[in-house]
Amino acid sequence: DWGEDGYNDLVTLEYDNVDKRRKLWTYPNNGLGTATVNFGKRKQELKVFCPVADPEGTCPAGNDHWQNANAQILSPGDLNGDKIPDLLVRDGKLLWAYYGARNDYLDNADPVLVGGDDWDKFTVIAPGDINGDGVPDLWLRNESTGELLRSHGSKDANGVIDLATWGTKDRAVIGGNLTTALYPTVGSVGDINGDGIADLWARKADNTLYEWYGKVTGGTVNSFSDDVTVDGVIGARIPSGTNLASGQEYATGNAKLTMQADGNLVLTKAGKVFWASNTAGNPNAFARMQADGNLVVYSADGSKTLWNTHTDGKPNSYAMVLGHGVLVIYNAIGQGQWTSGTQTRPDFNADGKTDALARDANGDLWVYPGSGGSGTSTFSGRYFAGNGWWRDYWTGLYPTDLNNDGHTDIVAVSREGQMWLYPGTGRTDRTVADPILIGTGWTYPTLAFGDITGDGKTDVIARDNGGTLWLYPGTGGTGTSTFNSQVFFGSGWWPDSWTTIRIGDVNGDFKPDIIGRTDGGEMFVYPNTSTYQNPALGARYSWGIGWWPAEWNPFVSDFDNDGRLEQIGLYRTGDLYDYLPGGRSLVGTGWSSFFDLLL
């Protein structure tokens with residue numbers, strides 16, 4: 001509790017690109033379990049008066065031991081009994097204890113060396129008092145063997161923790177199989193399941209989070225339960241610096257990213273192509289997840305860039321192949337920077353099958369999860385996704401992946417023109433997370449979302465009442481920085497003449513096209529011919545007739561889950577049809593009872 005308000009706060013070690021060194025920061029807890037930058041004392045840097053040694057001045061020793069790239073920090077609680085939180089910093093072979101102070105300086109009293117000089121072998125974990133003697137103890141994960149050791153603390157002559165012997169005496173093995181290759185991060189927040197016994201958590205290399213419940217024998221924690229999955233993005237992680245040679249693949253579940261021999265980087269789901277880099281014709285080309293954050297396809301000799309995600313400038317980013325058929329680039333702190341765009345079809349439960357979202361007259365939202373079947377078996381039993389979505393207030397709801405994390409979000413526009421992002425979770429128990437304000441002034445009668453510019457970030461197309469199309473390019477940012485300024489994208493799209501506008505990849509080139517339905521019932525496709533950040537549309541072509549505005553509400557989606565979009569039609573009687581190459585198929589009846597079908 002660095003803010004003295006009774007809430008546990010977050011302490012982070014972050015690299016400063018300006019000062020070229022690592023810094024310690026505290027983020028205050030707002031009382032709702034969220035680390036913020038502007039609550040209470042606000043985000044604060046934890047400093048020392050003597051960062052470097054100056055023997056001729058007032059600093060006989062340098063006290064900043066967290067600049068090292070291999071430094072580890074952890075919060076062991078209050079070590080000296082002054083009711084102020086303290087910190088441990090592992091710097092190479094040494095472990096330092098810093099006594100906290102309310103002025104946010106950590107060397108009011110000089111840091112103290114903790115006993116031993118082999119700390120570089122271990123990830124240090126502070127579970128609290130595990131044997132009930134009132135003294136904090138340590139767990140040590142051997143980073144090479146994966147063994148978990150226990151070491152009890154003891155009191156010194158002053159009745160506080162004896163740092164000279166802490167972590168070095170009575171070391172005993174209480175667990176194993178926790179190598180850094182398998183579990184890059186391990187830690188403890190004390191008791192998780194409420195039984196009064198300290199527990200262990202770890203993040204696996206595939207980005208999933210696990211916990212183990214501590215078990216007491218002989219008066220202390222000596223073993224753990226089987227692992228329990230907590231949460232996380234499940235997928236195949238492609239770390240920074242990884243090369244994908246010709247023929248190499250990364251797979252998770254039925255999703256697979258393959259660097260094909262013809263030079264094409266291809267994402268498939270259950271053997272069906274969901275996305276490709278369109279670089280075929282370059283035999284033995286290879287891909288690299290670069291240290292600067294850019295995923296690049298190079299020619300066989302490495303001399304030519306054939307394709308890239310344009311996500312450079314984000315050191316330590318990594319790629320993830322998600323099991324539901326999405327490729328995402330995440331930055332070092334897990335924020336989505338680029339996505340393959342295969343999340344243009346709704347998939348709220350992240351199972352790789354196309355879902356439908358419906359709003360009823362009571363303002364309730366329902367998810368109809370895709371079953372993988374067809375016809376009247378296209379969807380399985382619906383589940384509740386939230387209430388309070390009254391149509392007279394929320395004038396527009398749009399399923400899309402706006403934050404580029406590979407999950408379907410809901411973008412909501414209010415009658416005042418406020419746009420809000422409700423981030424998708426990929427879960428059925430809580431479909432979306434807390435809202436984030438995107439901006440105001442969104443009073444356009446028509447909006448459609450997709451990556452028009454080809455930079456892997458979701459854009460929005462807006463049509464005004466005068467029939468002008470405006471493109472708002474996505475930035476990859478958040479909140480009010482989500483979109484760049486508007487760009488003119490066409491005229492003549494009068495609402496009376498073009499009664500419906502949709503976005504989707506119709507021609508299979510992995511670029512979302514513009515689809516428009518005229519007042520005469522004809523559907524036209526305007527193919528997306530954009531190059532990177534140079535939006536453009538090609539000559540239109542007809543995609544069917546008979547879609548009379550009084551009879552049909554047309555959509556584009558992938559109900560048959562083959563990776564290609566097809567036409568979906570909601571008839572005025574409430575019959576929902578999927579238009580497949582072999583003919584239309586009835587999906588269900590009674591859909592007219594909903595105010596909105598959202599695909």
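Here we summarise the structure given alongside this text.

1. Focus: the overall build of the protein
The helix and strand inventory of the protein stands at zero helices and 49 strands. Relative to the globule expectation of 25 Å for 599 residues, the C-alpha radius of gyration of the protein, 28 Å, shows essentially globular dimensions. With respect to the principal axes defined by its C-alpha atoms, the protein has extents near 90 × 60 × 50 Å. When each of the 599 residues of the protein is scored for burial, the buried share is 51%. Side chains of the protein carry 45 positive and 72 negative charges; the gap between the two charge centres is 3 Å.

2. A look at the pattern of salt bridges
A full pass over the atoms with the stated rule returns 14 salt bridges. Residues Arg 572 and Glu 551 are paired through a salt bridge, measuring 2.9 Å at the closest nitrogen-oxygen approach. In this pair, Arg 572 is assigned in the loop between strand E46 (566–571) and strand E47 (576–580) and Glu 551 in the loop between strand E44 (541–542) and strand E45 (552–557), connecting sequence segments 21 residues apart. Given a relative accessible area of 52%, Arg 572 falls into the exposed group.

3. A word on the environment of Ser 299
Here Ser 299 is to be found in the loop between strand E25 (295–298) and strand E26 (305–308). Residues Ser 299 and Ala 287, 12 residues apart in the sequence, show an inter-C-alpha distance of 8.8 Å. Leave out the neighbours within four places in its chain, and Ser 299 touches Ala 285, Phe 286, Lys 304 and Leu 306. Separated by 2.8 Å, the side chains of Ser 299 and Asp 301 make a polar contact.

4. Let's talk about unusual backbone geometry
Its identity is not glycine, yet Ala 270 carries a phi of approximately 55°, on the positive side. Within the secondary structure layout, Ala 270 lies in the loop between strand E22 (265–269) and strand E23 (272–276). Of note in the backbone geometry, His 310 takes a positive phi value of approximately 55° without being a glycine. Checked against the element boundaries, His 310 lands in the loop between E26 and strand E27 (318–322). On the accessibility criterion, His 310 (28% relative accessible area) is partly exposed.

5. Some details on the nonpolar core
Note that soluble globular proteins tend to have their nonpolar side chains buried in a common cluster. Within the largest apolar cluster, 21 residues are counted, with the highest numbers of intra-cluster contacts made by Ile 238, Leu 244, Leu 257, Leu 265, Trp 275, Val 321 and Leu 327. For this core, the secondary structure elements donating two or more residues are strand E18 (235–238), strand E21 (255–259), E22, strand E24 (286–289), E25, E27 and strand E28 (326–330). Of the residues forming this core, the biggest block, three residues, is contributed by E21. One finds Leu 74, Phe 122, Ala 126 and Ile 161 within the second-largest nonpolar core, a separate group that totals 18 residues.

6. Some thoughts on the sheet that holds E27
The strand order across the open sheet built from four strands is E18-E27-E28-E29, with neighbouring strands paired in antiparallel fashion. Where the open sheet ends on each side, the last strands, each with one partner, are E18 and strand E29 (336–339). Here the strands of the sheet are splayed against their neighbours by 25° on average, with no regard to which way each runs. Bridge count for E27 against E28 is five bridges, and the pairing is antiparallel. Its bridge partner being in E28, Val 321 is matched across the sheet by Leu 327.

7. Topic: the state of the cysteines
Working definition: the covalent bond between the sulfur atoms of two cysteines is a disulfide. Within the structure shown, the criterion is met by one disulfide. Two residues, Cys 50 and Cys 59, share a disulfide whose sulfurs are 2.1 Å apart. Every disulfide takes its handedness from the sign of the S-S torsion; for Cys 50 and Cys 59 that torsion is -75°, giving left-handed. By the burial criterion, Cys 50 is buried, and Cys 59 matches it.

8. Looking at the sheet that holds strand E48 (residues 583–588)
Spatially, the four strands line up as an open sheet ordered E45-E46-E47-E48, and their pairing is antiparallel. At either end of the open sheet lies a strand with only one pairing partner, and these are E45 and E48. Averaged over all pairs of adjacent strands, the angle between their axes in this sheet comes to 25°, without regard to strand direction. The pairing of E47 with E48 spans five bridges and is classified as antiparallel. Within E48, the position partnered with Asp 578 by the bridge is Ser 585.

9. Regarding the side chain of Thr 518
Take Thr 518: it is sitting in strand E42 (residues 513–518). If we ignore the near neighbours within four places in the chain, the residues touching Thr 518 are Ser 497, Trp 498, Thr 499, Phe 524 and Pro 549.

10. Focus: the pairing of strand E8 (residues 122–128)
Among the seven residues in E8, six count as buried, and that is most of the element. One ladder, built from five bridges, connects E8 with strand E9 (residues 137–142); its direction is antiparallel. Among the inter-strand pairings, Thr 123 is bridged to a residue of E9, identified as Arg 141.

About the cut-offs
Residues numbered from 1 in each chain as written. Predicted model: local features only at pLDDT ≥ 70, side-chain atom pairs only at ≥ 80, totals over all residues. Heavy atoms only, no water. Helix = DSSP H or I, 4+ residues; strand = E, 2+ residues; numbered from the N terminus. Rg over C-alpha atoms; globule rule 2.2 N^0.38 Å. Buried < 20%, exposed > 50% of the residue type's maximum accessible area, 1.4 Å probe, protein only. Lys, Arg positive; Asp, Glu negative; His and termini not counted. Charge placed at Lys NZ, Arg CZ, Asp CG, Glu CD. Salt bridge = Lys/Arg side-chain N within 4 Å of Asp/Glu carboxyl O. Contact = heavy atoms within 4.5 Å. Polar contact = N/O pair within 3.5 Å; in protein donor to acceptor, adjacent residues only side chain to side chain. Core = buried A, V, L, I, M, F, W, Y, C linked by side-chain atoms within 4.5 Å. Pairing = 2+ DSSP bridges. Axes fitted to C-alpha atoms, helices over the stretch in contact; angles between N-to-C directions. Disulfide = S-S within 2.5 Å.

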